[in-house]
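Residue strings, one per chain:
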Amino acid sequence: MNISNTSASSSPGFAIVGVAESDLGKVPDKTAVELQAQAARRALLDAGLTLQEVDGVFAHTDDRFPSLQLSEYLGIRPRYTDSTNVGGMSNLLHIRHAMAAIAAGMCEVALITYGSTQLSDGSRKLTALVEDPRSPRGQFVVPHGHLSPIGYYAMVAQLHMQRYGTTSADLAEIAVAARRWAALNPMAYRREPLSIEDVLQSPLVAEPLRQRDCCLVTDGGGALVVTSAARATSLKKRPVLVRGIAERFSHHYTPFDLDDWLDTDVAATAEQAFRMADVTRKDIDVIQIYDHFTIGVMQSLEELGFCARGESKDFVRNGRLGPGGAFPINTSGGGLSYGHPGMFGIFLVIEAVRQLRGECGERQLPDPKLALCHAPGLVFSANTTMILGV
Amino acid sequence: MGIAQRPLPQPTGSTKAFWEATRQDRLLVQKCNACSTLQFYPRLFCRTCLSEDTGWMESSGLGVIYTFTINHRAANEHMKEHVPYAVAVVTLDEGVKMMGAMVPGHLASIRIGARVKVVFEKVSDELSLPRFELLEAS
């Protein structure tokens, strides 16, 4: 098997066969490992697989040695593991690494997890992580009082506003659309109505971004099960095939080499993913874009090529991204309203898979066949675009 | 003064000269002696030609604001008394980008593309931090 060619017409390919969240929101009585284990149990039941069949573990937390922590908790002895951490997109990277490992015969059933108690931890200890004062970030960013990541995305928003005339009300459209989707999702953390005016009245954090331009802080975890398309045909649910996936990586928290902060590597990942899937933007029915900050969605819509550079402000107006809108995205309610336990990548995939399976109840899109997920890592430091199909 | 609550840089071998210069109100940009490429921040070797023979060029300290934000929440205990404060990424006239806090005041005049000059804030006996000041408003 060759992971560079997984289109339905050629090689057998790879499939996501199980997805689940753990408990979400405020979960003070569970650890990050327990949230991963809980999500893993649910994802395996969703797939119709047992723990004993898992032979690859791809775990991601803020702690050290996450794949060993999880394997011990689950009582399994996988023959392949990977805990690569490139920020919020890490679990999408794990999907690609799982495909490579399966293709190479190094594992067959890959369990991919994430878990965090960011909300409960935050309420227990208020001190943030101390950056090594010898690191590039510690010498050339932190001493200036820069808030990160929000400060960097605020700087991106300033660029977008200056270059294209985008307004705070345009940014607020993203948050309002997310909240309207969350109202249709029983799992979402914030479901009460939110208006453009509410967003504009929320406190400034890093200009021009306000509190409601920012993702939530919650506890929670998620799990995916990935295997070969051949194995997937004998499992419980309709397999969701990985049709295209591509990544690029550049910096850590010090993006001084990047010429234009509105021209990151998103476009390169999109081009490669579309080419691999052999489909076009018009073919995509479901779109899940990492919404850590409202401006991030506008930046991604443009760089993914769903609208022209500078046109996202018009593209998102009048509720076009929300329920009933012409361009529905982030149907779970996203990081802005469904939940955001530190890293959101896995939840983009969970929602895309559920949409393709037709499991989304009130928020279900009509008969979707193809989904696109896009996620960055850290501060436009890494990017991935993935296309899924049924 | 709350030094303990203020995160300060800890120079390494490759950045020592940079931080020693800021104490003398001079801004240095690392320059490769082999291929003349500039890089910021200073590194062990030139990323363009891999030469370890690197030196310094003295920056004019002038540049333009590439982008900025105004923080309404403090990033650390020390900055709490300074909220709101601006942090900018500046493209120096020499061509490299770097970050610095803007000097207090004139928040409404801060614009992308505004001309700035570097100034230095003495934060301890050993360290001065580069900051930026608007040229028009100063």
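Scoring rules and cut-offs
Residues numbered from 1 in each chain as written. Chains lettered and ligands numbered in written order. Predicted model: local features only at pLDDT ≥ 70, side-chain atom pairs only at ≥ 80, totals over all residues. Helix = DSSP H or I, 4+ residues; strand = E, 2+ residues; numbered from the N terminus. Rg over C-alpha atoms; globule rule 2.2 N^0.38 Å. Buried ≥ 20, exposed ≤ 12 C-beta atoms within 10 Å, placed from the backbone. Contact = placed C-beta atoms within 7 Å. Pairing = 2+ DSSP bridges. Axes fitted to C-alpha atoms, helices over the stretch in contact; angles between N-to-C directions. Parallel < 35°, antiparallel > 145°, perpendicular 65-115°, else oblique. Left-handed = near helix turned anticlockwise from the far one by under 90°. Nonpolar A, V, L, I, M, F, W, Y, C, P; charged D, E, K, R; others polar. Domains from an automatic or database assignment. Expected span 1.5 Å × (residues − 1). Arc of directions from axis to C-beta.

Caption draft 1: Expanded view of the overall build of chain A. The secondary structure content of chain A amounts to 14 helices and 11 strands. Relative to the globule expectation of 21 Å for 390 residues, the C-alpha radius of gyration of chain A, 20 Å, shows essentially globular dimensions. Counting only C-alpha atoms and orienting by the principal axes, one finds that chain A spans roughly 50 × 45 × 40 Å. Per-residue burial over chain A gives 61% buried out of 390 residues. Contacts in chain A between residues far apart in sequence, at least 24 positions, make up 78% of those at least 6 positions apart.

Caption draft 2: Here's a closer look at the overall build of chain B. Scanning chain B from terminus to terminus reveals 1 helix and 8 strands. For chain B, the succession of helices and strands along the chain, N to C, is α-β-β-β-β-β-β-β-β. Taken over the C-alpha trace, chain B has a radius of gyration of 16 Å; the compact-globule value for 138 residues is 14 Å, and the two agree within 12%. When its C-alpha atoms are laid out on the principal axes, chain B stretches across 45 × 35 × 25 Å. Expressed as a percentage of its 138 residues, the buried residues of chain B come to 33%. Expressed as a percentage of contacts within chain B between residues at least 6 apart in sequence, the contacts between residues at least 24 apart total 51%.

Caption draft 3: Broad picture of the sheet that holds strand 3 (residues 54-58) of chain B. Pairing in this open sheet of 3 strands is antiparallel, and the strands run 2-1-3 (chain B) from one edge to the other. Strands with a single pairing partner mark the edges of an open sheet, and in this sheet they are strand 2 (38-39) and strand 3 of chain B.

Caption draft 4: Highlighting the packing of helix 6 (residues 150-164) of chain A against helix 11 (residues 294-303) of chain A. All names here are of chain A. Where helix 6 contacts helix 11, the two axes come as close as 9 Å, and the packing angle between them is 55°. Judged by the inter-axis angle, helix 6 sits oblique to helix 11. Where helix 6 crosses over helix 11, the handedness of that crossing is left-handed. Mapping the contact onto sequence places Tyr153, Val156, Ala157 and His160 in helix 6 and Ile295, Gly296, Met298 and Gln299 in helix 11. Grouping the amino acids of the contact of helix 6 with helix 11 by side-chain chemistry returns 5 nonpolar, 3 polar and no charged.

Caption draft 5: Structural view of the interface of chain B and chain A. Residue-level contacts link 30 residues of chain B with 28 residues of chain A. Listing elements by their share of the side of chain B that touches chain A, those giving two or more residues are strand 4 (62-71), strand 5 (85-92) and strand 6 (97-102) of chain B. In terms of residue class, the side of chain B that touches chain A is built from 19 nonpolar, 9 polar and 2 charged.

Caption draft 6: Here's a closer look at the domain arrangement of chain B. Residues and elements named next belong to chain B. Considered domain by domain, chain B is made up of domain 1 (11-58) and domain 2 (60-138). On a C-alpha basis, the centroid separation for the pair domain 1 and domain 2 is 21 Å. Between domain 1 and domain 2, the contact holds 10 residues from the first and 12 residues from the second. When residues of the side of domain 1 that touches domain 2 are traced back to their parent elements, those giving at least two are helix 1 (16-23) and strand 2. A total of 3 residues in the side of domain 1 that touches domain 2 trace back to one element, the largest contributor, which is helix 1. Classifying every residue of the side of domain 1 that touches domain 2 gives 6 nonpolar, 2 polar and 2 charged.

Caption draft 7: Representation of helix 10 (residues 266-277) of chain A. Residues and elements named next belong to chain A. Over its 12 residues, helix 10 extends 16 Å from the first C-alpha to the last, a length consistent with the 16 Å expected when each residue adds 1.5 Å. Turning to helix 10, its buried residues number three or more, namely Val266, Thr269, Ala270, Ala273, Phe274, Met276 and Ala277. End-on, the buried residues of helix 10 take up no more than an arc of 160°, which puts them together on one face.

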